[in-house]
Amino acid sequence: MSEQPRDAVDHHVARWADYWKSDPVFAPEVEGALVRMDHILRRMRREDAAAFTDRDFTLEDYKTLHALMVQPYSTEATPAQLAATVGVTRAAMTSRLDRLAAADLITREVGANDRRRVVVRPTTTGRAVWERHIFEGMAREQRLLQALDVTELQQLNALLRKVIRSLDE
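Residues numbered from 1 in each chain as written. Predicted model: local features only at pLDDT ≥ 70, side-chain atom pairs only at ≥ 80, totals over all residues. Heavy atoms only, no water.

## Some details on the packing of helix 3 (residues 59-69) against helix 5 (residues 90-102)
The cut-off we apply is this: Helix axes are fitted to C-alpha atoms over the stretch in contact, other axes to C-alpha atoms as well, and angles between N-to-C directions run from 0 to 180 degrees. Labels follow the DSSP assignment, with helices taken as runs of H or I lasting at least four residues and strands as runs of E lasting at least two, numbered in each case from the N terminus. We call two directions roughly parallel when the angle between them is under 35 degrees, roughly antiparallel when it is over 145, roughly perpendicular when it lies between 65 and 115, and oblique otherwise. Only heavy atoms matter for contacts: two residues are in contact if any of them lie within 4.5 Å across the pair. Under the convention adopted here, Pro, Cys and the residues Ala, Val, Leu, Ile, Met, Phe, Trp and Tyr are nonpolar, Asp, Glu, Lys and Arg are charged, and Gly plus all remaining residues are polar.
Where helix 3 contacts helix 5, the axes come no closer than 10 Å and their chain directions differ by 95 degrees. Our classification of the angle between helix 3 and helix 5 gives roughly perpendicular. Residues Glu60, Asp61, Thr64 and Leu65 of helix 3 touch helix 5, and the partners they reach there are Met93, Arg96, Leu97, Arg99 and Leu100. Residue composition of the contact of helix 3 with helix 5, by class: 4 nonpolar, 1 polar and 4 charged.

## What about the nonpolar core?
Stated formally: Working definition of a nonpolar core: buried Ala, Val, Leu, Ile, Met, Phe, Trp, Tyr and Cys residues. They are joined through side-chain atoms within 4.5 Å. Residue exposure (1.4 Å probe, protein chains only): buried if accessible area is under 20% of the type maximum, exposed if over 50%, otherwise partly exposed.
Core analysis: the largest hydrophobic core is formed by 20 residues, its most contacted members being Phe57, Tyr62, Leu65, Leu68, Leu82, Leu97 and Ile106. Of all the secondary structure elements, the ones that give two or more residues to this core are helix 3, helix 4 (79-86), helix 5 and helix 6 (124-144). Among the elements that line this core, the one with the most residues is helix 3, at 6 residues. Not counting residues within four places of it along the chain, the set of residues in contact with Phe57 comprises Phe52, Tyr62, Leu65, Arg99, Leu100, Leu105, Val129 and His133.

## Re helix 5
Heads up, the condition is: Each residue after the first adds 1.5 Å to the expected span of a helix. Note that the arc is computed from the directions linking the helix axis to the C-beta atoms.
Between its first and last C-alpha atoms helix 5 spans 18 Å; for 13 residues at 1.5 Å apiece the expected length is 18 Å, and the two agree. Taken together, the buried positions of helix 5 are occupied by Met93, Arg96, Leu97 and Leu100. Buried residues in helix 5, looked at end-on, bunch into an arc of 100 degrees, giving them a common side. Set apart from the buried face of helix 5 by more than 90 degrees, the exposed residues are Ala91 and Ala102. Considering only its buried residues, helix 5 is in contact with helix 3, helix 4, strand 1 (106-110) and strand 2 (118-122). Asp104 occupies a position one or two residues after helix 5 and carries a positive phi of about 60 degrees.

## Here we look at the side chain of Thr58
Mapping Thr58 onto the fold places it in the loop between helix 2 (28-51) and helix 3. A relative accessible area of 19% means that Thr58 is categorised as buried. Leaving out residues up to four positions away in the same chain, Thr58 has contacts with Phe52 and Arg99.

What follows is the structure in C-alpha coordinates.
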(Lines give C-alpha, C1' and ligand atoms only; values in the text may rest on other atoms or scores of the structure.)
Protein backbone atom coordinates (compact mmCIF):
# COMPACT_ATOMS: atom_id res chain seq x y z
CA MET A 1 0.00 0.00 0.00
CA SER A 2 1.44 3.36 -1.00
CA GLU A 3 1.89 6.20 1.46
CA GLN A 4 -0.74 8.97 1.41
CA PRO A 5 0.43 12.40 0.20
CA ARG A 6 1.21 14.73 3.09
CA ASP A 7 -1.07 17.61 4.01
CA ALA A 8 -0.57 20.85 5.95
CA VAL A 9 -1.40 19.05 9.20
CA ASP A 10 1.43 16.57 8.63
CA HIS A 11 3.82 19.52 8.40
CA HIS A 12 2.32 21.06 11.57
CA VAL A 13 2.63 17.77 13.48
CA ALA A 14 6.18 17.17 12.21
CA ARG A 15 7.21 20.63 13.39
CA TRP A 16 5.85 20.00 16.88
CA ALA A 17 7.11 16.42 16.97
CA ASP A 18 10.61 17.72 16.31
CA TYR A 19 10.21 20.40 18.99
CA TRP A 20 8.78 17.95 21.57
CA LYS A 21 10.92 14.94 20.55
CA SER A 22 12.30 14.55 24.08
CA ASP A 23 8.84 14.76 25.70
CA PRO A 24 6.88 11.47 25.61
CA VAL A 25 3.62 13.31 26.41
CA PHE A 26 3.35 14.68 22.86
CA ALA A 27 1.21 12.29 20.77
CA PRO A 28 1.51 13.15 17.07
CA GLU A 29 -1.43 10.94 16.11
CA VAL A 30 -3.72 12.71 18.59
CA GLU A 31 -2.51 16.15 17.49
CA GLY A 32 -3.03 15.27 13.84
CA ALA A 33 -6.53 13.88 14.35
CA LEU A 34 -7.72 16.83 16.44
CA VAL A 35 -6.24 19.46 14.14
CA ARG A 36 -7.81 17.76 11.11
CA MET A 37 -11.25 17.56 12.80
CA ASP A 38 -10.95 21.22 13.79
CA HIS A 39 -9.98 22.16 10.21
CA ILE A 40 -13.02 20.36 8.78
CA LEU A 41 -15.38 22.01 11.29
CA ARG A 42 -13.93 25.49 10.69
CA ARG A 43 -14.33 24.96 6.94
CA MET A 44 -17.94 23.87 7.46
CA ARG A 45 -18.66 26.97 9.59
CA ARG A 46 -17.10 29.26 6.95
CA GLU A 47 -19.16 27.65 4.20
CA ASP A 48 -22.33 27.91 6.31
CA ALA A 49 -21.64 31.60 7.00
CA ALA A 50 -21.02 32.23 3.29
CA ALA A 51 -24.35 30.59 2.44
CA PHE A 52 -26.24 33.14 4.55
CA THR A 53 -25.24 36.49 3.10
CA ASP A 54 -28.84 37.63 2.63
CA ARG A 55 -29.71 40.22 5.28
CA ASP A 56 -33.35 39.13 5.09
CA PHE A 57 -32.55 35.61 6.33
CA THR A 58 -29.37 35.26 8.36
CA LEU A 59 -27.51 32.27 9.74
CA GLU A 60 -28.91 33.21 13.17
CA ASP A 61 -32.43 33.18 11.71
CA TYR A 62 -31.76 29.73 10.26
CA LYS A 63 -30.36 28.41 13.55
CA THR A 64 -33.44 29.67 15.38
CA LEU A 65 -35.84 28.15 12.85
CA HIS A 66 -33.81 24.93 12.92
CA ALA A 67 -34.01 24.79 16.72
CA LEU A 68 -37.78 25.09 16.44
CA MET A 69 -38.00 22.35 13.84
CA VAL A 70 -35.89 19.84 15.79
CA GLN A 71 -37.55 20.30 19.18
CA PRO A 72 -39.04 17.11 20.63
CA TYR A 73 -42.36 18.47 19.37
CA SER A 74 -41.41 20.07 16.08
CA THR A 75 -44.74 21.79 15.86
CA GLU A 76 -44.10 24.15 18.79
CA ALA A 77 -41.73 25.48 21.46
CA THR A 78 -41.59 28.32 23.90
CA PRO A 79 -39.16 31.22 23.44
CA ALA A 80 -37.35 30.07 26.61
CA GLN A 81 -36.90 26.56 25.19
CA LEU A 82 -35.55 27.98 21.94
CA ALA A 83 -33.19 30.36 23.76
CA ALA A 84 -31.80 27.45 25.79
CA THR A 85 -31.42 25.26 22.70
CA VAL A 86 -29.67 27.95 20.64
CA GLY A 87 -27.64 29.22 23.59
CA VAL A 88 -28.73 32.86 23.58
CA THR A 89 -30.47 35.06 26.12
CA ARG A 90 -34.23 35.32 26.15
CA ALA A 91 -33.94 38.94 25.00
CA ALA A 92 -31.83 37.88 22.01
CA MET A 93 -34.37 35.15 21.24
CA THR A 94 -37.21 37.69 21.33
CA SER A 95 -35.35 39.75 18.74
CA ARG A 96 -34.82 36.70 16.54
CA LEU A 97 -38.46 35.68 16.85
CA ASP A 98 -39.55 39.20 15.94
CA ARG A 99 -37.59 38.90 12.68
CA LEU A 100 -38.99 35.46 11.89
CA ALA A 101 -42.55 36.53 12.66
CA ALA A 102 -42.19 39.63 10.47
CA ALA A 103 -41.02 37.36 7.64
CA ASP A 104 -44.06 35.09 8.20
CA LEU A 105 -41.83 32.13 9.07
CA ILE A 106 -43.29 31.58 12.56
CA THR A 107 -46.34 32.42 14.60
CA ARG A 108 -46.45 33.27 18.29
CA GLU A 109 -49.58 32.48 20.24
CA VAL A 110 -50.38 33.43 23.81
CA GLY A 111 -51.60 30.54 25.93
CA ALA A 112 -55.36 30.42 26.52
CA ASN A 113 -54.99 29.45 30.18
CA ASP A 114 -51.77 31.35 30.93
CA ARG A 115 -51.22 34.60 29.05
CA ARG A 116 -47.55 34.57 30.14
CA ARG A 117 -46.94 31.42 28.10
CA VAL A 118 -46.10 32.01 24.45
CA VAL A 119 -45.98 29.16 21.96
CA VAL A 120 -43.91 29.48 18.79
CA ARG A 121 -44.87 27.45 15.72
CA PRO A 122 -43.44 27.35 12.20
CA THR A 123 -45.65 28.54 9.36
CA THR A 124 -45.92 26.63 6.10
CA THR A 125 -43.51 29.15 4.61
CA GLY A 126 -41.18 28.68 7.58
CA ARG A 127 -41.11 24.92 7.07
CA ALA A 128 -40.37 25.38 3.37
CA VAL A 129 -37.53 27.83 4.04
CA TRP A 130 -36.08 25.53 6.69
CA GLU A 131 -36.25 22.51 4.34
CA ARG A 132 -34.52 24.40 1.53
CA HIS A 133 -31.71 25.54 3.79
CA ILE A 134 -31.24 22.22 5.56
CA PHE A 135 -30.89 20.36 2.25
CA GLU A 136 -28.41 22.97 1.01
CA GLY A 137 -26.48 22.45 4.26
CA MET A 138 -26.50 18.70 3.80
CA ALA A 139 -25.05 19.15 0.32
CA ARG A 140 -22.25 21.36 1.75
CA GLU A 141 -21.49 18.73 4.41
CA GLN A 142 -21.40 15.93 1.85
CA ARG A 143 -18.97 17.94 -0.31
CA LEU A 144 -16.66 18.29 2.71
CA LEU A 145 -16.40 14.51 3.03
CA GLN A 146 -16.62 13.58 -0.66
CA ALA A 147 -13.08 12.18 -0.60
CA LEU A 148 -14.41 9.22 1.39
CA ASP A 149 -16.51 6.41 -0.02
CA VAL A 150 -19.41 4.88 1.92
CA THR A 151 -17.26 2.20 3.53
CA GLU A 152 -14.71 4.78 4.66
CA LEU A 153 -17.48 7.01 6.04
CA GLN A 154 -18.81 4.02 8.00
CA GLN A 155 -15.30 3.37 9.36
CA LEU A 156 -14.89 7.05 10.29
CA ASN A 157 -18.26 7.04 12.06
CA ALA A 158 -17.38 3.87 13.95
CA LEU A 159 -14.12 5.39 15.16
CA LEU A 160 -15.70 8.70 16.13
CA ARG A 161 -18.56 6.86 17.87
CA LYS A 162 -15.96 4.96 19.90
CA VAL A 163 -14.37 8.25 20.97
CA ILE A 164 -17.73 9.84 21.85
CA ARG A 165 -18.82 6.81 23.87
CA SER A 166 -15.54 6.89 25.81
CA LEU A 167 -16.13 10.57 26.63
CA ASP A 168 -19.62 9.79 27.87
CA GLU A 169 -18.44 7.10 30.31
